[in-house]
Amino acid sequence: MNAANAKTNTEDYLRMYRQMVRIRAFEDQANQLYLSAKMPGLTHMYSGEEAVAVGICEALRVTDKITSTHRGHGHCVAKGADFREMFCELLGKEEGYCRGKGGSMHIADQANGNLGANAIVGGSMGIATGAALSAKRLGRDDVTVCFFGDGATAQGLMYEVMNMAALWNLPVIYACENNLYGEYTKVEETAAGRITARAEAFGIEAFTVDGQDVLAVNDLTQKLVARARKGEGPFFVELMTYRYHGHHVGDINREYYRSKDEEADWKANRDPITNFGKWLTKEGIASDEELDQIRTDVKADAAAAVDYALTAKYPDTSEVDMHVYAANG
């Protein structure tokens, strides 16, 4: 990236930085809600993987669709979700995106093209492929991105839908977030061969990119989205990334499957926000003070949203069977 291009795209770069900071701030607050016993159930932190969600979603239109995962807060925020509605959903309040009934792992935001998170590993692959088929049959040029982790590559559904997507040239991008661990097991102990080879077997173009580099992720995604709109899909992308927390918020003592030194190295040398911030200052796009102000403002926004959600109303008990059964007609 040269300096001339950097200055031309200043607004885009600062928005990407802010979006990554928003995801980190959201996760920090969500973690504290769990540790303080204010949030029911478990949640799965996205901290460390921000460049994946932001790099991809910044290349999408509002009408483009995504499907998410149990580790899905980052995708939701990157696709346009608001803090208030997100925290209300985590806390089971009626102003949440799913009126408090979805919780951390089942947030959907239809207005921004987010078809929903899914607690079933690989569970949204069929939904994403179906959305892409729908767009093609309706003559729309919308693209769908299906987020999933490396562990989901062992799910049979993935192969069924990739076969159909390849046969029908569907506008879908399968985005594998390879954070090196499926729950508590190293990926090389569960996935034989190259992950990208799974897509290549169906004749699908597959790419591997540094998932800690938001510009690299965004550049590749923009190119693939443009091609998918022209009917050249589907595509498969393996994004090499890392989760800072354990598999879930209760996974605290992790040394039996990964070392503290490994975690510290990724945080110190591969952090997507820190490294992108260094690039922004080096290119003269923003000063350290300006970036610090962004972080301060976002943290304040997140804290205010939590305070609001804590005092917001719960759904009325009359809603217990709402959106569960189809109305008789």
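Calculation criteria
- The residue numbers shown here count from 1 along each chain, following its written sequence.
- In view of the model being predicted, local features appear only for residues whose pLDDT reaches at least 70, and side-chain atom pairs are presented and counted only at 80 or more, with totals across whole chains, interfaces and linings using the full set of residues.
- Heavy atoms from the whole structure form the basis of all side-chain values; hydrogens and water molecules are not counted.
- Space inside and on the surface of the protein is sampled on a 1 Å grid over the protein atoms alone, with a cavity defined as a set of points where a 1.4 Å probe fits but cannot get out and a pocket as an open set with protein on both sides within 12 Å along at least 5 of 7 lines; lining residues have an atom within 4 Å of a point.
- Grid points are joined across faces, edges and corners, and a volume is the space filled by probe spheres set on the points.
- We count a stretch as a helix when DSSP gives it H or I for four or more residues in a row; a strand needs E for two or more, and each element gets its number in order from the N terminus.
- Under the convention adopted here, Pro, Cys and the residues Ala, Val, Leu, Ile, Met, Phe, Trp and Tyr are nonpolar, Asp, Glu, Lys and Arg are charged, and Gly plus all remaining residues are polar.
- Each residue is assigned to one of three classes by its accessible area relative to the maximum for its type, calculated with a 1.4 Å probe on protein chains only: buried under 20%, partly exposed between the two thresholds, exposed over 50%.
- Pairing between strands requires that DSSP locate at least two bridges from one strand to the other.
- Between N-to-C directions, angles span 0 to 180 degrees; the directions come from axes that are lines fitted to C-alpha atoms, helices contributing only their stretch in contact.
- Should any heavy atoms of two residues lie within 4.5 Å, those residues are considered in contact.

Turning our attention to the layout of surface pockets. Taken as a whole, the largest pocket spans an internal volume of roughly 350 Å³. Looking at the largest pocket, it is lined by 22 residues, and the ones nearest its centre are His70, Gly151, Ala152, Gly182 and Glu183. For the lining of the largest pocket, the elements supplying multiple residues, two or more each, are β2 (144–149) and β4 (181–182). When its residues are assigned to classes, the lining of the largest pocket shows 6 nonpolar, 10 polar and 6 charged. Considered as a void within the structure, the second largest pocket measures approximately 270 Å³ in volume. Each residue belonging to the lining of the second largest pocket can be placed in one class, and the counts come to 5 nonpolar, 3 polar and 6 charged.

On to the pairing of strand β7 (residues 235–240), then. Among the 6 residues of β7, 5 are classified as buried, and the element is accordingly described as predominantly covered. Across 6 bridges, the pairing between strand β3 (residues 172–178) and β7 is parallel. By the bridge assignment for β7, Ile173 is matched with Phe235. Sheet analysis places strand β6 (residues 205–210) next to β7, joined by 6 bridges and oriented parallel.

Turning to the sheet that holds β2, a few remarks are in order. Here 5 strands make up an open sheet; going across it, the order is β1-β2-β3-β7-β6 and the pairing parallel. At either margin of the open sheet sits one strand with a lone partner, and together these are β1 (65–67) and β6. For this sheet, the mean inter-axis angle between neighbouring strands, taken without regard to orientation, is 20 degrees. Sheet topology places β2 next to β3; 6 bridges connect them, and they run parallel. Looking at the pairing, Thr144 lines up with Val172 of β3. Of the strands in this sheet, β1, β2, β3 and β7 touch helix α3 (residues 50–57), which is tilted by about 170 degrees from β2. Contacts between helix α6 (residues 125–137) and the sheet are confined to β1, β2 and β3, with β2 contributing the most and set at about 170 degrees to the helix.

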